[in-house]
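A closer look at the structure
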6 protein chains.
Amino acid sequence: MASERYEKGMDVLKDFNLVDQHHPEGHMDIGAGFKDLAPDLEDFVVEFAFGDIYGREGIDPKQKVLVTMASLVAQGIPQIEMHVKTGIKVGLTPEEIVGAIIHILPYAGFPKVLNGLKAVQKVFSEQGITVKTK
Amino acid sequence: MASERYEKGMDVLKDFNLVDQHHPEGHMDIGAGFKDLAPDLEDFVVEFAFGDIYGREGIDPKQKVLVTMASLVAQGIPQIEMHVKTGIKVGLTPEEIVGAIIHILPYAGFPKVLNGLKAVQKVFSEQGITVKTK
Amino acid sequence: MASERYEKGMDVLKDFNLVDQHHPEGHMDIGAGFKDLAPDLEDFVVEFAFGDIYGREGIDPKQKVLVTMASLVAQGIPQIEMHVKTGIKVGLTPEEIVGAIIHILPYAGFPKVLNGLKAVQKVFSEQGITVKTK
Amino acid sequence: MASERYEKGMDVLKDFNLVDQHHPEGHMDIGAGFKDLAPDLEDFVVEFAFGDIYGREGIDPKQKVLVTMASLVAQGIPQIEMHVKTGIKVGLTPEEIVGAIIHILPYAGFPKVLNGLKAVQKVFSEQGITVKTK
Amino acid sequence: MASERYEKGMDVLKDFNLVDQHHPEGHMDIGAGFKDLAPDLEDFVVEFAFGDIYGREGIDPKQKVLVTMASLVAQGIPQIEMHVKTGIKVGLTPEEIVGAIIHILPYAGFPKVLNGLKAVQKVFSEQGITVKTK
Amino acid sequence: MASERYEKGMDVLKDFNLVDQHHPEGHMDIGAGFKDLAPDLEDFVVEFAFGDIYGREGIDPKQKVLVTMASLVAQGIPQIEMHVKTGIKVGLTPEEIVGAIIHILPYAGFPKVLNGLKAVQKVFSEQGITVKTK
């Protein structure tokens, strides 16, 4: 039986359109790939990362995704595809997503930013998204 | 004679209230402390970091400061006082600033976040800012 | 009213001797210093870091503290004093604590290890602990 | 002619079952892949990393492998396959290996931990190792 | 119309043999791959990274490439192929390139250095470069 | 009795002017501060870091110090005072030292570079060294 915190985390996942009728198992991508190693890992992701943190008040969903992407890119972790997709779902424009990654340049340098942009490019390409440029 | 890009950078600094009649030399805090070692460093800060990057379209000033703070805290660089102050000047609420730092928890862990919050706490304490909590 | 998970986290803190009759507020050092900014931060520490993770089966308390210290030192976060103290409480010998930090040398280099050893040295000095050397 | 320290390092490699009659060249995987660039690199690995550090007293072989894995995962270096295999050889249980990686969650965040678990999963899958879960 | 700084950056690229009659678009590899996301990114690379920084006096071209490679490898960013090629073009010997990467060992550990050497090995192999070893 | 490798390391320390008649114990600053915790640590520093790595052929002493400083600053480890002093002893000009740190800007960002420059500034100030600027 799911805990109250798990339910709260799932509600957040639904609010973020990460789980819906078309992707009823969308949350399973997160942590669930390690069921064989650690079945509780999915709970930590749903309960802590989504229930506690993503569900926390203070900043809005768009800001949360921007902060998430910046945290990863600045650490040299370029696997932000999932977060780019979440960003699109919560209403970030393509310009905001690209602008946020580029804004990291003076704080973490070109190589990390270019690696992050590759992930953005991949998602935009898959979804047919174009960036308005002057 | 200042370059066009330097002027643009200075305009951004004014837009962000980092330089005004009460702090005409506000930008001098940035890079200018190294005039003896590298007089061009201030130009790089004003022209590139402010003119090119902060002056870039795509994301708004509040988002820019959130991304800046996240980039630094996630790298384990806790010296974000200047950016917390900038955040306040561009209209971020105390709850947004704290919320952004706490949102980094699942992505970079507790120690970096706690170090970042210490810097926030210092600025809020100096400026008499309180966070609304339930 | 404390949640079940909070209670579980507090039990772990007691098992690790971080909270006892002489230090009934020992857990308050962790996260509680930010009550003004984020009263829920203490819950995250007690519930997630202690209840979920430290309370998890798989590795024993000594191993948990060694892994904690290695994770921090390798990231260049030298503030491990609290974890050195926890290590002593759960029965790690001084030789094990020093040996673990030195073991990080080939994986993260001398500067991070030397910074970690400074923290160890400080705690050992405060507690009058000596390392058996040949 | 091999130096005394090289011999000591090789003894450690044998103690850790990394070199035996079935894998007489097991140590050649380490550093030897760069013989064309730097033939002395293998010596540094055998003499320093194994002879000096792995051969050092203080912590036991299981603890050494746990500290090694934690140091790498926390730095965002997910290539720990060799160390997972070494861990199995020195007697770490699958639960201890997984437990150690998961224990890093509060200290370095989910993304680095998930990347580390992928490497564990790969080795366990290759060797037909299963984790006991409740 | 190209700015004066862009022209200066292009001059540096020519001085470094990164753009010549055989590779008139050599600079396009840098940043230009993201024209669809951010057409100004190429300007930042040419103007800031090359014009301002690579074009700066103080250290010579060989030293600049060594510092570049060290900065990346030490951060755990092993994609240094382009910089290895630049190093060769400005006259670094194979021994200097390998020697610089190996010199990072005590400061950032074996795993990052081995990852860096893989990139060196790839470029040397493609270009038929051999390292003089004793 | 000192090992052959220890002697070699000490020779390197003398070649680098880190140990001489005026500072016969100069090497003791390195690692020796931890004699109480790990008396062998000094050996690792002298034998491996100096004997094996600093004593290695391939790059010259000036290049070695530049690579050392870049490795540290890029990792966000600003304690480079000792290496700045070594750089001066092996003949790096003030302009080269500053130029190398500033060259890291596009690869690791402003905050790490500014922190590194603070350490340079401290040493230059103590030794009355001035940088030639245009």
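One numbering rule holds for all chains: residues counted from 1, following each sequence as written. A letter from A marks each chain and a number from 1 marks each ligand, given out in the order of writing. Given that this is a predicted model, residues contribute local features only at a pLDDT of at least 70 and side-chain atom pairs are listed and counted only at 80 or more, while totals for whole chains, interfaces and linings are drawn from all residues. The side-chain figures draw on all heavy atoms in the structure; neither hydrogens nor water molecules are used.

1. Observations concerning the overall build of chain A
- Counting secondary structure elements, chain A contains 7 helices and 0 strands.
- In DSSP terms, a helix is any run of H or I states spanning at least four residues, a strand is any run of E spanning at least two, and both are numbered starting from the N terminus. Each helix and strand of chain A, placed in order from N terminus to C terminus, yields the pattern α-α-α-α-α-α-α.
- A simple rule labels every residue: compare its accessible area, found with a 1.4 Å probe on the protein chains alone, to the largest value its type can have, and call it buried under 20%, exposed over 50%, or partly exposed in between. The burial tally for chain A puts 63% of its 134 residues in the buried class.
- Contacts are residue-level and defined by heavy atoms, with any inter-residue pair within 4.5 Å sufficient. In chain A, 59% of the contacts between residues at least 6 apart in sequence involve partners at least 24 apart.
- All accessible areas in this document rest on Shrake-Rupley with a 1.4 Å probe, and a residue is counted as covered only by the protein chains that are shown. A total accessible area of about 5,300 Å² is found for chain A, and carbon and sulfur atoms account for 52% of it.

2. Topic: the relation of the copies chain F and chain E
- The least-squares superposition of copies is restricted to C-alpha atoms, and to residues with a pLDDT of at least 70 in both copies. Aligned on chain E, chain F shows an RMSD of 0.0 Å; the corresponding rotation is 180 degrees and the shift along the axis is 0.0 Å. Here the copies are linked by what is in effect a two-fold axis.
- When the interface residues of chain F are mapped onto chain E, 100% of them again lie at the interface, so the same face is used by both copies.

3. Digging into a negative patch on the surface
Residues and elements named next belong to chain A.
- Exposure above 30% relative accessible area and the absence of a salt bridge qualify a residue for a patch, where like charges join within 9 Å and nonpolar side chains (Val, Leu, Ile, Met, Phe, Trp, Tyr) within 5 Å. A side-chain nitrogen of Lys or Arg and a carboxyl oxygen of Asp or Glu constitute a salt bridge if their distance falls within 4 Å. Charged residues are defined here as Lys and Arg on the positive side and Asp and Glu on the negative side; His and the ends of the chain fall outside this count. The atoms used to mark charge sites are NZ of Lys, CZ of Arg, CG of Asp and CD of Glu. Side chains of Glu4, Glu7, Asp11 and Asp15 sit close together on the surface and give a patch of like negative charge.
- Along the chain, the position of Asp15 falls in helix H1 (residues 4–15).
- Assessed through its relative accessible area of 62%, Asp15 is described here as exposed.

4. Considering the relation of the copies chain D and chain A
- Least-squares fitting of chain D to chain A yields an RMSD of 0.0 Å, with the superposition described by an axial translation of 0.0 Å and a rotation of 120 degrees. Read as a symmetry element, the transformation amounts to a three-fold axis. It is Gly76 of chain D whose C-alpha, among those of chain D, lies nearest the rotation axis, at 4.7 Å.

5. As for the environment of Gly33 of chain C
Residue and element names in this part refer to chain C.
- By secondary structure assignment, the location of Gly33 is in the loop between helix H1 (4–15) and helix H2 (41–54).
- Overall, Gly33 belongs to the partly exposed group, its relative accessible area being 47%.
- Sequence separation between Gly33 and Ala119 is 86 residues; the distance between their C-alpha atoms is 21 Å.

6. Looking at the interface of chain F and chain E
- Contacts between the two partners involve 34 residues from chain F and, on the opposite side, 34 residues from chain E.
- Between chain F and chain E, roughly 2,900 Å² of surface is buried when both sides are summed, and carbon and sulfur atoms account for 70% of that area.
- Of all residues in chain F, Val67, His103 and Tyr107 of chain F bury the most surface against chain E, accounting for 22% of the area lost on that side.
- Where chain F meets chain E, there are 0 salt bridges. By buried area we mean the combined loss of accessible area, with a 1.4 Å probe, across both parts when two parts are placed together.

7. Concerning the UniProt feature "domain: Carboxymuconolactone decarboxylase-like" (unreviewed entry) in chain A
- Within the UniProt annotation, "domain: Carboxymuconolactone decarboxylase-like" (unreviewed entry) is assigned to residues 39–121 of chain A.
- With 76% helix and 0% strand, the stretch residues 39–121 of chain A has end C-alpha atoms that lie 33 Å from each other. UniProt positions are given in the numbering used here, feature names are shortened, and annotations may be inferred rather than shown by experiment.

8. Quick notes on the interface of chain D and chain A
- With 15 residues of chain D at the interface, the matching set in chain A holds 15 residues.
- Summing the contributions of chain D and of chain A, the shared interface buries around 1,300 Å²; its carbon and sulfur component is 76%.
- The tally of links from chain D across to chain A stands at 0 salt bridges.
- Throughout this description, a polar contact denotes any pair of N or O atoms lying within 3.5 Å of each other; where both atoms belong to protein, one of them has to be capable of donating a hydrogen while the other can accept it, and for residues adjacent in sequence the pair is counted only when both atoms sit in side chains. For the pair chain D and chain A, the number of links is 3 residue pairs in polar contact (both at pLDDT 80 or more).
- For the side of chain D that touches chain A, the elements supplying multiple residues, two or more each, are helix H5 (94–103) and helix H7 (110–127) of chain D.

9. Quick word on the packing of helix H3 (residues 61–74) of chain B against helix H4 (residues 81–89) of chain B
All names here are of chain B.
- Running from amino to carboxyl end, H3 crosses H4 at an angle of 160 degrees, the nearest separation of the two axes being 9 Å. Taken together, the axes of H3 and H4 lie roughly antiparallel to each other. Pair H3 / H4 crosses with left-handed handedness. Of the residues in H4, those touching H3 at Val65, Thr68, Met69 and Leu72 are His83, Val84, Thr86 and Gly87. Under this scheme, a helix contributes an axis fitted over its contacting stretch, all axes are lines through C-alpha atoms, and angles between N-to-C directions fall in the 0 to 180 degree range. To sort the angles, those under 35 degrees are grouped as roughly parallel, those over 145 as roughly antiparallel, those from 65 to 115 as roughly perpendicular, and the leftovers as oblique. In this scheme the handedness of a crossing depends on how the near helix is turned from the far one: anticlockwise by less than a right angle means left-handed, clockwise means right-handed.

10. Describing helix H5 (residues 94–103) of chain E
- Extensive coverage of H5 of chain E is indicated by the burial of 10 of its 10 residues.
- For H5 of chain E, the set of buried residues is Pro94, Glu95, Glu96, Ile97, Val98, Gly99, Ala100, Ile101, Ile102 and His103 of chain E.

11. Regarding the packing of aromatic side chains
- Note on ring pairs: Phe, Tyr and Trp rings are taken, using the six-membered ring of Trp, and paired if centres are within 6.5 Å. Classes follow the plane angle, with under 30 degrees stacked, over 60 edge-to-face and the rest tilted. Evaluated as defined, the whole model comprises 25 aromatic pairs over all chains.
- With a centroid separation of 6.2 Å and 25 degrees between ring planes, the pair formed by Phe48 of chain C and Phe110 of chain D is classed as stacked. Residue Phe48 of chain C is found in helix H2, and its partner Phe110 of chain D is found in helix H7; the two belong to separate chains.
- Judged by its relative accessible area of 1%, Phe48 of chain C falls in the buried class.
- Ring centres 6.0 Å apart and planes at 80 degrees place the aromatic pair Phe48 of chain D and Phe44 of chain F in the edge-to-face group. In this pair, Phe48 of chain D sits in helix H2 (residues 41–54) while Phe44 of chain F sits in helix H2 (residues 41–54), so the two residues belong to two different chains.
- A relative accessible area of 6% places Phe44 of chain F in the buried class.
- Aromatic rings pair up to connect Phe44 and Phe48 of chain A, Phe110 of chain B, Phe44 and Phe48 of chain C together with Phe110 of chain D into one cluster.

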